[in-house]
Amino acid sequence: MTWDAVLPVVAIPAARSGGRALIGEARFHQIYTQLAPALRGYLARIGGDTTSAEDLLQETFLRLLQAEVGHLADAQLRSYLYRTATNLVRDRWRAAQRDPVVATAAESSTGPATGDLDIPRLFAKLTLRERSLLWLAYVEECDHREIAERLGFSPLSVRVSLFRARKRFAAILAKGGFHR
Amino acid sequence: MSEEIVRRAMQELSQTPLAPLPDGNRIWWLAEIRRRQEAARRVSQTMTRVRIITSVAALLAGSGLAIWLGNDLPGLTFLTTAGLLCATAAAVRVVMAKE
């Protein structure tokens, strides 16, 4: 069965001027298999809400598929995905600020506690920017340049912000009783 | 010291189990539907513009014709011309309301 048999026949431009094009199916599946697991973890933790991480992951990839980014290399696509994901989390957080019901739901779904301390809840006390920086630096082990590319900051700004985020999280952990 | 504490906390955080990944094929399908909806929306927008432009052109042409004929035919008066204009304007309004 072809797409034209299933959906209304509307011409979709496969390629646009300047060599820009949409991502093809084979490349999408390759990118999805390669990047989705890490991006899902990133969204679940920096968003502080494991239940909406799937929706955000889906929306991130849907935006990738609608954008004319087929000409970009894999590393650039990775940065594109992380920037989109971070923006979506930020938008969702702003929406939650306006709607107390959403905010309460997000707070109550930060996931199960790890060990005897609830690290996800302590982590959620950081700002979105701090969470993003720490996740990329310590879990995905990105260097300053990579973090800057993925978040759209300057490398110098990453260095300073990461230092502050680390210091703040250490203080929150110490206050919460994490001394391992 | 803080570096080590943060590193350990982040390691523990990353080991928290998460739900399985959504199906990639489903996302591809959804994207394909969105693309087609977007393409259909663009086509519809273009058609609306063309309808408006043709209606306005018809309005102008009708007015011009009425004025031109009004000089030669005694039956065409100012009121007839105004009526023609109103009818065309109403047709434009109906086309826009349908969209």
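In case you missed it, the structure is sitting above this.
The notes below deal with the structure included here. (Residues numbered from 1 in each chain as written. Chains lettered and ligands numbered in written order. Predicted model: local features only at pLDDT ≥ 70, side-chain atom pairs only at ≥ 80, totals over all residues. Heavy atoms only, no water.)

1. Focus on the interface of chain B and chain A
Often, the extent of an interface is quoted as the loss of accessible area upon association of its parts. Taken together, the contacts link 34 residues of chain B with 47 residues of chain A. With both sides pooled, the region where chain B packs onto chain A buries about 4000 Å², and carbon together with sulfur makes up 70% of that total. Together, L13, W28 and R36 of chain B form the three largest contributors to the area buried by chain B at its contact with chain A, with a combined 18%. Between E59 of chain A and R34 of chain B there is a salt bridge, with the nearest N and O atoms lying 2.8 Å from each other. Inspection of the chain B/chain A interface yields 9 residue pairs in polar contact (both at pLDDT 80 or more). (Contact = heavy atoms within 4.5 Å. Buried area = accessible area lost by both parts, 1.4 Å probe. Salt bridge = Lys/Arg side-chain N within 4 Å of Asp/Glu carboxyl O. Polar contact = N/O pair within 3.5 Å; in protein donor to acceptor, adjacent residues only side chain to side chain.)

2. Focus on helix α1 (residues 2-14) of chain B
For α1 of chain B, which comprises 13 residues, the first-to-last C-alpha distance of 18 Å matches the rise-based estimate of 18 Å (1.5 Å per residue) to within 8%. Every buried residue belonging to α1 of chain B is among I5, V6, A9, M10, E12 and L13 of chain B, and all of these are buried. Projected down its long axis, α1 of chain B shows its buried positions confined to an angular sector of 160 degrees, all on one face. Its buried side turned inward, α1 of chain B meets α2 (25-46), α6 (119-123), α7 (128-139) and α9 (155-176) of chain A. (Helix = DSSP H or I, 4+ residues; strand = E, 2+ residues; numbered from the N terminus. Expected span 1.5 Å × (residues − 1). Buried < 20%, exposed > 50% of the residue type's maximum accessible area, 1.4 Å probe, protein only. Arc of directions from axis to C-beta.)

3. Brief notes about the pattern of salt bridges
One pass over the structure, following the stated rule, counts 14 salt bridges over all chains. E140 of chain A is the salt-bridge partner of R150 of chain A, the closest N and O atoms lying 2.7 Å from each other. One end of the pair, R150 of chain A, is in helix α8 (residues 144-151); the other, E140 of chain A, is in the loop between α7 and α8, with 10 residues separating them in the sequence. Owing to a relative accessible area of 7%, R150 of chain A belongs among the buried residues under this scheme. Two residues, R41 of chain B and E38 of chain B, come together in a salt bridge whose shortest N-O distance is 2.7 Å. One end of the pair, R41 of chain B, and the other, E38 of chain B, are both in helix α2 (residues 24-70), 3 residues apart, so they sit about a helical turn from each other. The class of E38 of chain B is partly exposed, set by a relative accessible area of 27%. Salt bridges here are not isolated pairs; linked through shared partners, they connect E59 and R63 of chain A together with R34 of chain B.

4. A few points about the nonpolar core
Counting 58 residues, the largest nonpolar core has L39, Y42, F61, L134 and F169 of chain A together with M10 of chain B as its most contacted members. Here this core gets 10 residues from one element, more than from any other, and that element is α2 of chain A. Setting aside its immediate chain neighbours within four residues, M10 of chain B contacts F123, L134, W135, Y138, V139 and F169 of chain A. (Core = buried A, V, L, I, M, F, W, Y, C linked by side-chain atoms within 4.5 Å.)

5. Some words on the packing of helix α4 (residues 74-98) of chain A against α8 of chain A
Residues and elements named next belong to chain A. At a closest axis distance of 7 Å, the pairing of α4 and α8 adopts a crossing angle of 60 degrees. For the element pair α4 / α8, the angle class is oblique. Across from R78, S79, Y82, R83 and T86 in α4, the residues of α8 making contact are E149, R150 and L151. Partitioned by chemical class, the residues of the contact of α4 with α8 number 2 nonpolar, 2 polar and 4 charged. (Axes fitted to C-alpha atoms, helices over the stretch in contact; angles between N-to-C directions. Parallel < 35°, antiparallel > 145°, perpendicular 65-115°, else oblique. Nonpolar A, V, L, I, M, F, W, Y, C, P; charged D, E, K, R; others polar.)

6. What to know about the packing of α8 of chain A against α9 of chain A
Packed helix pairs are specified by the crossing angle of their axes together with the interaxial distance, meaning the distance between the axes. Residue and element names in this part refer to chain A. It is the contact of α8 with α9, at a shortest axis distance of 8 Å, that shows an interaxial angle of 105 degrees. As summarised for this structure, α8 and α9 are arranged roughly perpendicular, according to the angle between their axes. On α9, the residues that touch H144, I147 and A148 of α8 are P155, V158, R159 and L162. Grouping the constituent residues of the contact of α8 with α9 by class yields 5 nonpolar, 1 polar and 1 charged.

7. Let's talk about the side chain of E130 of chain A
Residues and elements named next belong to chain A. Along the chain, the position of E130 falls in helix α7. Using a relative accessible area of 13% as the deciding quantity, one classes E130 as buried. Within the local environment of E130, its side chain forms a polar contact with the side chain of R168, the two groups lying 2.5 Å apart. Among residues more than four places away in sequence, those in contact with E130 are A165 and R168.

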